[in-house]
Structures are given as C-alpha cells and as structure tokens.
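One-letter residues, chain by chain:
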Amino acid sequence: MSQRTERTVADYREKGRSLLDRFLREAAYPDPADAGAVVDWATTTLREAYSPATFRYYKAAFALVLEEAGHGLSAEALRGTQNTGNSSTRRTKTRRTSAKKAKKVHPDDARKLLNYLEQGRGAWDRLLAQWFAAGLFTGLRPTEWANARLDGETLVVANAKNTGGRSHGPERHLHITDPEVRKLLWAFLDNLNLAVQSESFDRAYKHCRVRLYQVGLVLWPRRQRNRITLYSTRHQFTADAKHSGLSGKEIAALMGHRVTETHKAHYGRRQAGRGQVQVAADPAETERVEQSPEHLRFDRSK
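Cut-off values and rules
Residues numbered from 1 in each chain as written. Predicted model: local features only at pLDDT ≥ 70, side-chain atom pairs only at ≥ 80, totals over all residues. Heavy atoms only, no water. Salt bridge = Lys/Arg side-chain N within 4 Å of Asp/Glu carboxyl O. Helix = DSSP H or I, 4+ residues; strand = E, 2+ residues; numbered from the N terminus. Buried < 20%, exposed > 50% of the residue type's maximum accessible area, 1.4 Å probe, protein only. Core = buried A, V, L, I, M, F, W, Y, C linked by side-chain atoms within 4.5 Å. Contact = heavy atoms within 4.5 Å. 1 Å grid on protein atoms, 1.4 Å probe; cavity = no way out; pocket = protein on both sides within 12 Å on 5 of 7 lines; lining within 4 Å. Points joined across faces, edges and corners; volume = space filled by probe spheres on them. Pairing = 2+ DSSP bridges. Axes fitted to C-alpha atoms, helices over the stretch in contact; angles between N-to-C directions. Phe/Tyr/Trp six-rings, centres within 6.5 Å; stacked < 30°, edge-to-face > 60°. Lys NZ or Arg CZ within 6 Å of the ring centre and 35° of its normal.

Per an unreviewed UniProt entry, the recorded name for the chain is Phage integrase family protein, and the organism is Thiohalorhabdus methylotrophus.

Listed below in structure tokens is the structure:
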C-alpha cells in the first residue's frame, strides 16, 4: 500500500466503493462482514466476467474498501483468492460456502429461536424476532424491508434486483390474507422505523445479523453447517409456497423474480415446506412472470 500514489489509492477507493455497492445489490447473502459471501460473489461473478489482470485490480480495490470499512477478515480472504481458475473449481467452492447457511428452517428450530428471543436477553432480540417471523411469512430479502410498507392489507415491496431484467417490475404487492400476520407486520415495521431513526437501516440490519449468529451459537453450539440466517426465511417461505400448491408463476411473483426457473433452481424444496402461506400474489404481476424455456428448467421443487 505504501508504494501506491495518492491518486492510485483514490482510484482504488472509487472502484472499490462501486464494487461494494454492486456486491450489496447482487450477492445472495450481501454481508460485507461475511468473508465467505464476499469471496463467493467475487469468484463467481467478477472472476468469470473479467481477465485475470482486471480481476486482480478489482480484487485489490474491493479489499481496500472492505478493510477501511472494518471488514478486515473479508479483505484478507478476498486477497487470498486466485486470479484464475476453472469453472468446476468455482462451483465446488460455491457449494461448500452456501452449505454452511440453512436453506430451510425446521419448525422446532424456529420455535426454539423465537422462544429464546422473546425472553429479551439482548437489545435487538425483539426486533430480530419480528424480523425473523416476518421473513417466514413473506419471503422478503432482508434488505428489502428498508423500503417496504403496508398499504391496508397489502405489503408493497421495492424489488431489490430490478436490474438486468431479473425482476418482473420495480415493485411487488403481497396481499396479506391473515389479520394476525398483518398485525405482526405493522408491529415489525413500526419497530424497524424506530430503530432506523437512531441507527441507519444498514446498522440495524447488521446488529440483527450479528445477534442471530450469536444466538445460533448458544442454541446450537455443535452445528457446523446449515447455520440459520435471516435469508434462510426466504428459502423456507419458498418451500412453504411450493408445499401449498401455488403455481410457479405465483411463487415467482411473490419473490420478485422475472422467470419461474429462479426459485425452482436456487430456493427451498417443496419437501421442506409446511402448512399454507398467508399471502397472495398480485394477479397482474403474476401475468408478467415468464415461464422458463424448457431447456433451462431444473425442477428442484420436489
């Protein structure tokens, strides 16, 4: 670093900030403090798209910004990645990384977690419990709560991945069919707004993520894989929707996807689902969802 000129550092910092913004928009688990998520995104998105020299530059710039933001472990892990590699190696690494995070939430685990949080041992436990339950009921990406709002019986959500044609539109509308779920969502959004008044949304989200990780270590100290995260609730919601018999287009509409293939290939399995979902997709948004071409279909629903 000492050999870089001030202009070089400024250029690295500018590029690194744009890469951090891109990571937060595109990564499956957009947590800069999670070294696995950072490396996973960089190796499967940046390294596949750019030459080794460009990737080396992007990697250094991204690592600089991560380090300056206090994510030293992520920066160190990113710097340690190879500049080149074959696709099969990258796919294997991706599977190992994602396997550490749960893509379903067992009912017993959910009850155990919520019962613990309801005792309020931590300052963020109440908000975290509501956030976790709200995710199970709606399937929102955790970051999408920043701009979500209730309009009567409808939850209006700004689709987080409405770039590059990955969503069916800028917003989606989830019609909440259960009054008790609406009551929970009102309470959660009120508490989230209060938290954001004293903290930014990003900091409130970080506090809840860290707290969930800490509680997971207390409740399941021997669990090395399938660690429950707030994003796990999105997977479980998908499994529940499949189990409930919703069509592929309805599920895609509820999740903000443009095509039906996304939830089939990457989200929870039907066999992990339980009960009935308490939300309904907007018919107009359902119509905008595209059925995936036959040659791209991979039914992971079962």
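### Regarding the pattern of salt bridges
On inspection of all chains with the given rule, the structure shows 13 salt bridges. Taking the shortest distance from any N to any O, the salt bridge between Arg223 and Asp109 comes out at 3.2 Å. Of this pair, Arg223 sits in the loop between α9 (201-219) and α10 (232-243) while Asp109 sits in helix α6 (residues 107-118), and the two are 114 residues apart along the sequence. Here Arg223 falls in the partly exposed class, since its relative accessible area comes to 31%. Asp109 gets classed as buried once you look at its relative accessible area, which sits at 15%. When the shortest N-O distance is used, the salt bridge between Arg211 and Asp125 registers 2.6 Å. With Arg211 in helix α9 and Asp125 in helix α7 (residues 125-138), this pair connects stretches of sequence that are 86 residues apart. A relative accessible area of 0% means that Asp125 is categorised as buried. One salt-bridge network, held together by shared partners, links Arg141, Glu144 and Arg172.

### Points about the nonpolar core
Grouped together as the largest cluster of nonpolar side chains are 50 residues, with contacts concentrated most on Trp131, Phe132, Trp145 and Leu155. If near-sequence neighbours (up to four positions away) are discounted, Leu155 is found in contact with Thr138, Leu140, Trp145, Ala148, Arg149, Leu150, Arg172, His173, Leu174, Ile176, Leu185 and Leu189. One finds Leu19, Ala37, Leu66 and Tyr231 within the second-largest nonpolar core, a separate group that totals 19 residues.

### What to know about the layout of surface pockets
The space that makes up the second largest pocket amounts to roughly 780 Å³. Lining the second largest pocket are 30 residues, and of these Asp34, Lys101, Tyr213, Arg227 and Thr229 sit closest to its centre. Those elements that provide at least two residues to the lining of the second largest pocket are α2 (35-49), α5 (87-98) and α9. A total of eight residues in the lining of the second largest pocket trace back to one element, the largest contributor, which is α9.

### Focus: the sheet that holds strand β3 (residues 171-176)
Spatially, β1-β2-β3-β4 is the arrangement adopted by the four strands of the open sheet, whose pairing is antiparallel. Here the strands that pair on one side only, and so sit at the sheet edges, are β1 (149-151) and β4 (279-281). Recorded for the sheet is a direction-independent mean angle of 35° between the axes of neighbouring strands. The pairing of strand β2 (residues 154-158) with β3 spans five bridges and is antiparallel.

### Focus on the packing of aromatic side chains
By the definition in use, this model includes eleven aromatic pairs. Centroid distance Trp145 to Phe188: 5.0 Å. Interplanar angle 85°. Geometry classified as edge-to-face. Taken together, the residues Trp145 in the loop between α7 and β1 and Phe188 in helix α8 (residues 179-198) connect sequence positions 43 residues apart. Like Trp145, the residue Phe188 is buried in the burial classification. Between Phe201 and Tyr205, the ring centres sit 6.1 Å apart and the planes meet at 35°, which makes this aromatic pair tilted. Of this pair, Phe201 and Tyr205 are both found in helix α9, four residues apart, which corresponds to roughly one turn of the helix. Chaining the aromatic ring pairs together yields one cluster made of Trp131, Trp145, Phe188, Phe201 and Tyr205. The residue whose ring lies beneath Arg209 is Tyr205, and the NZ or CZ to ring-centre distance is 4.1 Å.

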